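In case you want the letters, here they are:
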Amino acid sequence: MNKEILLDAIEAKRTELLNVAFENGLTSPLAIEYSQELDRLLNLYDELHIQHSKKTRAK
């Protein structure tokens, strides 16, 4: 996945989470679902960033 696309997805999900949490509370089922989705995106970003850093250092 392209880094810029992933960063856009992270920012969009963060905005959705903030809106849902504001309207329904941080412990609402939807806020928890969005939070978990955001966590998955952030973990994916970390994995891609770490892989890229390792490849860059190996050269």
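This report concerns the structure included in the present document. (Residues numbered from 1 in each chain as written. Predicted model: local features only at pLDDT ≥ 70, side-chain atom pairs only at ≥ 80, totals over all residues. Heavy atoms only, no water.)

**Quick notes on the nonpolar core**
One finds Leu-6, Ile-10, Leu-17, Val-20, Ala-31, Tyr-34, Leu-38 and Leu-41 forming the largest nonpolar core, which totals eight residues. When sequence neighbours within four positions are dropped, the list of residues in contact with Ile-10 reads Leu-38, Leu-41, Leu-42 and Tyr-45. (Core = buried A, V, L, I, M, F, W, Y, C linked by side-chain atoms within 4.5 Å. Buried < 20%, exposed > 50% of the residue type's maximum accessible area, 1.4 Å probe, protein only. Contact = heavy atoms within 4.5 Å.)

**Concerning helix 1 (residues 3-24)**
In a regular helix each residue adds 1.5 Å, so 22 residues correspond to 32 Å; helix 1 covers 31 Å between its end C-alpha atoms and thus fits that length. Listing the buried residues of helix 1 in full gives Leu-6, Ile-10, Lys-13, Leu-17, Val-20 and Ala-21. Seen from one end, helix 1 has its buried residues packed into an arc of 100°, which puts them on one side. Of the exposed residues in helix 1, those oriented more than 90 degrees away from the buried face are Ile-5, Asp-8, Leu-18, Phe-22 and Glu-23. Two to three positions downstream of the cap, the backbone nitrogen of Glu-4 sits 2.7 Å from a side-chain oxygen, assigning the N-cap of helix 1 to Asn-2. Just past helix 1, the residue Gly-25 takes up positive phi, approximately 95°. (Helix = DSSP H or I, 4+ residues; strand = E, 2+ residues; numbered from the N terminus. Expected span 1.5 Å × (residues − 1). Arc of directions from axis to C-beta. Polar contact = N/O pair within 3.5 Å; in protein donor to acceptor, adjacent residues only side chain to side chain.)

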